[in-house]
Amino acid sequence: MAYQWDFSPVLANAPLLVEGLVNTLRITGTALVFGVALGLGLALLRLSPRRYLSWPAGFVIEVFRTTPPLVQLFWFFFAMPILVGIEMTPFMAGAVTFSIQSASFFAEVFRAGIQSIERGQWDGARALGMRHDQAMRRIILPQAVKRMIPAFMERAIELMKTTTLIATISYADLLFAANEVSQKTFRPLETYTVVALIYFVVIFLASQVARLVELRLARSGESTVH
Amino acid sequence: MRWDFASVFDNTDALLVGAAGTLRIFAICLVLGLSLGLLVGLGRYSRNRWLHIPATIFVEFFRNTPVLVQILWFYFALPILLPFQISPLAAASLGISLNSAAFSAEIYRGGIQSIETGQWDGARALGMRWGQAMRRIILPQALKRMLPALTNRAIEIFKMSTLASAVAYVELLQQGKLIASLNYNPIEAYTAVAVIFFVFLWPLVQFSYFLERRLRRDE
C-alpha cells in the first residue's frame with residue numbers, strides 16, 4: 001500500500017506559510033542589523049590595548065560562541081524576564097539572543113579582517129597625523145570590510161538557519177507555521193517537505209549570491225578572511 | 001531576586017541523566033557524521049559523474065536547510081513513509097548526522113585537494129593503486145590540515161545536540177526544562193544548564209584554537 005501524496009491541503013494553507021516566511025525574514029533582519037553593529041563594537045573593544053575593555057568583550061564573545069544557541073534562547077526567554085522584571089515576547093527574546101549570538105561570531109570576523117590589514121597602513125595613517133580611531137575609521141575599516149564580505153555573508157546565512165530555533169518558544173516563524181499547518185491538515189509529510197523546500201530555496205539562493213560575490217572579490221585581487 | 005541553586009543541586013540525578021543523553025547523541029552523531037562525511041567528500045572529489053552529482057546534491061541540500069527542520073522532518077514526516085515509528089533519538093541523530101556529514105564532506109574535499117599532485121605521482125610511481133595512495137599517502141597528510149576544521153565540526157555537533165530536546169529526547173536542556181517547570185526556578189535551572197555546556201565545550205574550543213595556531217605555525 002503506497003502512500004498517497006496530496007499537497008492540496010498544504011497549498012490551501014499557503015497564506016500561513018507565507019506569513020511564517022515573512023516573520024522568519026523579520027527576525028533574521030533584526031538580528032542581522034543588531035548583530036553586525038554589536039559585533040563591530042565587540043571587535044573594537046576586544047582589540048583595545050586596555051584590558052578592562054578587551055577582557056569583558058572577550059568573555060562575552062567566548063561565552064556566546066561556546067554555549068548552544070537554544071540554551072541561550074531559553075535563558076533569555078524563561079530566566080532573564082524574572083531576573084530583570086520585564087515581559088519578554090518570543091520575538092524580543094529571539095532578537096536579543098540571535099543578536100548577541102551572531103554578534104560574537106561577527107566580532108571574530110571583524111577582528112580577523114582588521115588584523116589582516118598590513119602594519120604599514122597604520123604607520124601611514126599615523127604619519128598623516130591621524131589618531132587611532134581616525135585611522136581605524138578612515139583607513140583600516142574600509143579596507144578590512146571588503147575582505148570580510150564573504151565570511152560575513154556566510155554568517156548571515158548561518159543566522160537565518162539558527163532563527164528556526166525561535167519556533168520552540170512559539171514565535172510564528174516558518175517552522176512554527178509548519179507545525180500548525182501539519183496539525184491542522186494531518187499532512188505532516190507534505191507540510192514538512194514543502195517547508196524544507198522553501199528553506200532550501202531561500203538559503204540556497206542566498207548561498208549562490210554569496211558565492212558569486214566571493215568570486216568577484218577574488219578576481220579583483222582581494223584576499224578574504226575567514 | 002535571590003538566587004538559590006539548592007533546588008538545582010537537589011536534582012543532580014536528573015542533570016546526570018541529561019548529561020548522559022547529551023554525550024550519547026553527541027557520540028553517535030560525531031561518528032556517523034564524520035565517517036559519512038568522508039564518503040560524501042570522496043564522492044565530491046571524484047571525477048566520476050555518478051558519484052559526484054549525488055554527493056553534490058546531498059551536500060547542497062543538507063547545508064542549505066536548517067538542521068531543526070531536518071530533525072522535525074525525520075520525526076514527523078518520515079514515519080508516514082515507513083512501517084515503523086522513529087524514536088526521538090533516531091530522528092535527532094539522523095538530522096544532526098546528515099547535516100554534519102554535508103559540512104564535513106566539504107572539509108575532507110578541501111583537505112584532499114590541498115595536497116600537492118606530486119604526492120599522487122610519487123605514490124603511483126611506487127606502484128600504489130588509487131585507494132592505497134589515498135589511504136596511505138594523501139589522507140594522513142590531509143587529516144593534519146583538516147583537524148582544526150573537524151574539531152570545530154565536533155563543537156557544532158555538541159551544540160546542535162540540544163535541538164534533540166525539540167522532539168523530547170532526554171538530554172541536558174530537556175532536563176533543565178523539566179527541573180525549571182517542577183521547581184519554578186528557571187533562572188537557576190537554565191543558568192546551570194548553560195554553565196554545564198560551557199564547562200563541556202570550553203576545553204574543546206581551546207583545543208581547536210591550539211590546533212589552529214599549531215597549523216599556522218607549521219605551514
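See the structure above.
So, a few notes on the structure that sits alongside this text. (Residues numbered from 1 in each chain as written. Chains lettered and ligands numbered in written order. Predicted model: local features only at pLDDT ≥ 70, side-chain atom pairs only at ≥ 80, totals over all residues. Heavy atoms only, no water.)

Next up on the list: the overall build of chain B. Each helix and strand in chain B was counted, giving nine helices and zero strands. In chain B, the succession of α and β elements from N to C terminus is α-α-α-α-α-α-α-α-α. With respect to the principal axes defined by its C-alpha atoms, chain B has extents near 70 × 50 × 25 Å. Going through the 219 residues of chain B one by one, you find that 51% of them count as buried. Of the roughly 10,700 Å² of accessible surface on chain B, 64% is carried by carbon and sulfur atoms. The positive charge centre, built from 20 side chains, and the negative charge centre, built from 13, are 12 Å apart in chain B. (Helix = DSSP H or I, 4+ residues; strand = E, 2+ residues; numbered from the N terminus. Buried < 20%, exposed > 50% of the residue type's maximum accessible area, 1.4 Å probe, protein only. Areas by Shrake-Rupley, 256 points an atom, 1.4 Å probe, with all protein chains shown as cover. Lys, Arg positive; Asp, Glu negative; His and termini not counted. Charge placed at Lys NZ, Arg CZ, Asp CG, Glu CD.)

A cluster of nonpolar side chains, namely A:Trp5, A:Phe7, A:Leu11 and B:Leu81, defines an oily patch on the protein surface of about 400 Å² accessible area. Turning to its location among the elements, B:Leu81 is positioned in helix α4 (residues 67-81). Look at B:Leu81 and you get partly exposed, because its relative accessible area is 40%. (Patch = residues over 30% accessible without salt bridge, like charges linked within 9 Å, V, L, I, M, F, W, Y side chains within 5 Å. Salt bridge = Lys/Arg side-chain N within 4 Å of Asp/Glu carboxyl O.)

Glancing now at the interface of chain B and chain A. At the junction of the two partners, chain B supplies 37 residues and chain A supplies 37 residues. Carbon and sulfur atoms supply 77% of the area that chain B and chain A bury against each other, a total of about 3,400 Å² over both sides. Across the contact surface, chain B and chain A share one salt bridge. Two residues, A:Arg211 and B:Glu60, come together in a salt bridge whose shortest N-O distance is 3.1 Å. At the surface where chain B touches chain A, the tally comes to seven residue pairs in polar contact (both at pLDDT 80 or more). For the side of chain B that touches chain A, the elements supplying multiple residues, two or more each, are α3 (49-63), α4, α8 (172-183) and α9 (186-218) of chain B. In terms of residue count, the dominant contributor to the side of chain B that touches chain A is α9(B) (13 residues). (Contact = heavy atoms within 4.5 Å. Buried area = accessible area lost by both parts, 1.4 Å probe. Polar contact = N/O pair within 3.5 Å; in protein donor to acceptor, adjacent residues only side chain to side chain.)

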